[in-house]
Amino acid sequence: MAQVYNWHLGRAMNYPYPDAKPRRQFAAVFNINRCIGCQTCTMACKSTWTFSKGQELMWWNNVETKPFGGYPQSWDVKLLEKLGPQPGWDGTAKTEGAPYGAYRGKTIFEAAPQGQAALGYLPPDEEWKVPNIYEDTANRPPRITGGVREGATLPEHEVFFFYLQRICNHCSYPACLAACPRKAIYKREEDGIVLIDQKRCRGYRNCVEACPYKKPMFRGVTQTSEKCIACYPRLEEGTVARCIAACVGKIRIQGWIDDPASPVHYLVHRQKVALPLYPQFGTEPNVYYIPPRWAPRAFLRQMFGPGVDDAIAKYANPSHDLLGVLQLFGATQRLLYSFEVTPDEAIGFDRDGAEVVRVPINEPVVVRPSQHLNIT
Ligand code: SF4
Ligand code: SF4
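Values in this document were obtained by computation on a predicted structure and should not be read as measured data. Along each chain, the written sequence defines residue order, and numbers are assigned to residues from 1. In the order they appear in the text, chains get letters beginning with A and ligands get numbers beginning with 1. In keeping with the predicted nature of the model, local features appear solely for residues at pLDDT of at least 70, side-chain atom pairs appear and are counted solely at 80 or more, and the whole-chain, interface and lining totals rest on all residues. Only hydrogens and water are set aside; all other atoms, that is, all heavy atoms of the structure, feed into the side-chain values.

**Re the site of ligand 1**
For step 1, the next point in the chain: The cutoff for a nearby residue is simple: one of its non-hydrogen atoms must lie within 4 Å of the molecule or strand. Lining the immediate environment of ligand 1, one finds Cys-168, Asn-169, His-170, Cys-171, Pro-174, Ala-175, Cys-176, Val-194, Cys-211, Tyr-213, Pro-216 and Lys-227.
For step 2, the next point in the chain: One can see that ligand 1 is located within the largest cavity.
For step 3, the next point in the chain: Partitioned by chemical class, the residues of the shell around ligand 1 number 9 nonpolar, 2 polar and 1 charged. Definitions used for this entry: grid spacing 1 Å over protein atoms alone; cavity, a set of points where a 1.4 Å probe fits but cannot get out; pocket, an open set with protein on both sides within 12 Å along at least 5 of 7 lines; lining residue, one with an atom within 4 Å of a point. Should more than half of a molecule's atoms lie within 2 Å of a pocket's or cavity's grid points, that molecule is taken to sit in it. Basically, the charged four are Asp, Glu, Lys and Arg, the nonpolar ten are Ala, Val, Leu, Ile, Met, Phe, Trp, Tyr, Cys and Pro, and anything else, Gly included, counts as polar.

**Re the packing of aromatic side chains**
For step 1, the next point in the chain: Aromatic pairing here means that ring centres of Phe, Tyr or Trp (its six-membered ring) are within 6.5 Å. Orientation follows from the plane angle: under 30 degrees is stacked, over 60 is edge-to-face, and everything else is tilted. The full count for this structure, using the stated rule, is 20 aromatic pairs.
For step 2, the next point in the chain: Cluster of aromatic residues (ring-pair linked, three or more members): Tyr-15, Tyr-17, Phe-109 and Tyr-173.
For step 3, the next point in the chain: Positioned above the aromatic ring of Phe-329, the side-chain terminus of Arg-34 is 5.8 Å from the ring centre. The criterion is that NZ of a Lys, or CZ of an Arg, lies within 6 Å of the ring centre and within 35 degrees of the ring normal, and then a charge sits over that ring.

**Things to note about helix 7 (residues 263-270)**
For step 1, the next point in the chain: Burial within helix 7 is extensive, with 6 of its 8 residues counted as buried.
For step 2, the next point in the chain: Between buried and exposed lies partly exposed: a residue is buried under 20% and exposed over 50% of the maximum accessible area for its type, with that area taken using a 1.4 Å probe on protein chains only. Only DSSP runs of H or I with at least four residues qualify as helices, and only runs of E with at least two residues qualify as strands; both kinds are numbered from the N terminus onward. Every buried residue of helix 7 is listed here: Pro-263, Val-264, His-265, Tyr-266, Leu-267 and Val-268.
For step 3, the next point in the chain: At the exit of helix 7 stands Lys-272, carrying a positive phi of roughly 55 degrees.

**Considering the nonpolar core**
For step 1, the next point in the chain: To define a nonpolar core, start from buried Ala, Val, Leu, Ile, Met, Phe, Trp, Tyr and Cys residues and group those joined through side-chain atoms within 4.5 Å. Grouped together as the largest cluster of nonpolar side chains are 109 residues, with contacts concentrated most on Val-29, Leu-267, Leu-277 and Phe-304.
For step 2, the next point in the chain: The contact rule is simple, with two residues in contact once any of their heavy atoms fall within 4.5 Å. Phe-304 has contacts with Ile-32, Leu-164, Leu-275, Pro-276, Leu-277, Pro-279, Tyr-289 and Pro-291, leaving out every residue within four places of it along the chain.

**Notes on the site of ligand 2**
For step 1, the next point in the chain: With respect to spatial proximity, 14 residues lie near ligand 2, and among them Cys-35, Cys-38, Gln-39, Cys-41 and Cys-247 are the closest.
For step 2, the next point in the chain: Classifying every residue of the shell around ligand 2 gives 8 nonpolar, 5 polar and 1 charged.

**Notes on the sheet that holds strand 17 (residues 338-341)**
For step 1, the next point in the chain: Here we have 3 strands laid out as an open sheet, ordered 17-18-19, and antiparallel in their pairing. The open sheet has two free edges, formed respectively by strand 17 and strand 19 (355-360), since each of these has just one partner strand. Strand after strand, the sheet turns through a mean of 15 degrees between neighbouring axes, direction not considered.
For step 2, the next point in the chain: Pairs of strands are assigned from DSSP output, requiring at least two bridges between the strands. Note that strand 17 and strand 18 (residues 345-349) share 4 bridges and pair antiparallel. Helix axes use the C-alpha atoms of the stretch in contact, all axes being lines fitted to C-alpha atoms, and the angles between their N-to-C directions lie in the range 0 to 180 degrees.

**Considering empty space enclosed by the protein**
For step 1, the next point in the chain: Grid points are joined across faces, edges and corners, and a volume is the space filled by probe spheres set on the points. Counted by the stated rule, this structure contains 4 cavities of 30 Å³ or more.
For step 2, the next point in the chain: Roughly 110 Å³ of internal volume is contained in the largest cavity.
For step 3, the next point in the chain: Residue lining of the largest cavity: 14 residues in total, with Cys-168, Asn-169, Cys-171, Cys-176 and Cys-211 positioned closest to the centre.
For step 4, the next point in the chain: For the lining of the largest cavity, the per-class residue count stands at 10 nonpolar, 2 polar and 2 charged.

**Brief notes about the side chain of Arg-252**
For step 1, the next point in the chain: Here Arg-252 is to be found in strand 14 (residues 252-256).
For step 2, the next point in the chain: Only four residue types enter the charge count: Lys and Arg as positive, Asp and Glu as negative, with His and the chain ends excluded. Salt bridge, as applied in this entry: a Lys or Arg side-chain nitrogen positioned within 4 Å of an Asp or Glu carboxyl oxygen. Of the buried charged residues, Arg-252 lacks a salt bridge, with Glu-64 as the closest side chain of opposite charge at 11 Å.
For step 3, the next point in the chain: Polar contact is defined as a pair of N or O atoms within 3.5 Å, subject to the rule that within protein one atom must be able to donate a hydrogen and the other to accept it, and that residues adjacent in sequence are counted only when both atoms are side-chain atoms. Side chain to side chain, Arg-252 and Asn-61 meet in a polar contact 3.0 Å long.
For step 4, the next point in the chain: The contact partners of Arg-252, leaving out residues within four places of it in the chain, are Val-29, Phe-30, Cys-41, Asn-61, Val-63, Gln-165, Ile-167, Cys-243, Ile-244, Cys-247, Phe-329 and Gly-330.

**Re the environment of Ile-133**
For step 1, the next point in the chain: Topologically, Ile-133 is positioned in the loop between strand 6 (102-103) and strand 7 (144-145).
For step 2, the next point in the chain: Along the chain, Ile-133 and Ser-74 lie 59 residues apart, while their C-alpha atoms are 10.0 Å from each other.
For step 3, the next point in the chain: Ignoring sequence-local partners within four residues, the contact set of Ile-133 consists of Gly-69, Gly-70 and Gln-73.

**A closer look at the packing of helix 8 (residues 297-304) against helix 9 (residues 308-316)**
For step 1, the next point in the chain: Packing of helix 8 against helix 9 brings their axes to within 9 Å, and their N-to-C directions diverge by 110 degrees. Judged by the angle between their axes, helix 8 and helix 9 are roughly perpendicular. On the side of helix 8, the interface is formed by Arg-297, Leu-300, Arg-301 and Phe-304, while helix 9 contributes Val-308, Asp-309 and Ile-312.
For step 2, the next point in the chain: Of the residues contributing to the contact of helix 8 with helix 9, the split by class is 4 nonpolar, no polar and 3 charged. By definition in this entry, angles of less than 35 degrees are roughly parallel, angles greater than 145 are roughly antiparallel, angles of 65 to 115 are roughly perpendicular, and the rest are oblique.

This is the structure we're talking about:
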């Protein structure tokens with residue numbers, strides 16, 4: 001085991017391979033607050049990559065409803081139970097390289113059984129069959145007191161659900177890669193995308209077992225495992241992934257986590273408004289989420305770590321620059337490398353520094369002239 005630094009945990013951790021950072025790391029931010037659960041992203045991915053024989057139950061992008069939904073069923077609850085109660089983060093140990101403090105518990109690598117790279121489990125076939133199980137199902141029915149149905153009161157709704165949009169996280173310390181006995185999984189040096197070499201894979205499914213997010217999937221007809229490829233042929237053309245381009249709610253933005261000019265870097269590192277999913281697992285996932293404002297904070301903290309309260313406070317009361325960057329979500333299919341926020345507009349630039357999108361920060365108010373009013 002090597003020692004690598006995981007900034008989500010604010011400490012070094014055990015990992016089977018030494019650190020080998022890519023030149024750039026693919027990343028994305030998903031704003032849960034804006035998702036309408038339409039599954040357009042899911043179908044965009046399916047119709048591009050998983051429409052062939054043996055891929056019928058394969059959804060590289062899925063949108064599940066929390067708290068009960070999951071694809072495969074209960075993937076997160078099952079792993080959290082296996083990991084057992086852990087001490088959590090020490091908030092007094094916050095530094096620039098450890099913005100959430102230091103995680104005192106065990107990661108899936110540190111809790112791995114003897115002879116295995118990571119703690120995990122292999123979901124049985126039936127758990128992959130119903131990707132939208134418990135869709136739109138809240139944590140409990142509203143109470144009726146004296147004939148009056150319980151309403152929703154901000155800042156937190158006691159009765160809640162929210163959509164969780166999931167693709168492969170193209171982790172900095174991938175458990176799938178760590179577990180593969182064939183060394184068939186690799187992380188691209190140019191963009192950090194994690195791929196399975198179909199020629200080397202023998203379908204042992206160690207990756208399916210080890211990935212805490214359950215994003216590699218087994219294909220019976222080829223006897224190999226497959227997974228989200230971050231639409232790398234599109235990325236090479238300077239275009240965002242299909243799920244991101246197709247998103248109706250404009251909840252998604254793609255960029256580079258390690259480039260200070262990228263809007264994704266701004267949201268994650270500077271504003272700290274977007275957080276990793278289950279950072280305690282230890283893979284340093286590169287998809288970040290703006291947590292939903294209305295959900296109970298304790299539920300969100302176990303899912304996104306200790307940055308939840310600050311992230312929601314900032315999202316609910318954004319600075320002018322943050323408001324500008326939030327307008328760039330879904331505004332173009334081009335991959336934004338940098339941005340600028342002016343008093344009125346947010347502007348996005350491509351890899352050559354050329355302007356590709358310009359959006360107003362405040363919607364213009366147009367007053368209909370009195371001669372055109374349709375009421376008198
Ligand atoms: S999410 Fe899973 S499949 Fe994707 S890189 Fe991380 S460990 Fe591997
Ligand atoms: S397309 Fe966008 S809004 Fe629709 S379910 Fe997917 S992430 Fe949510």
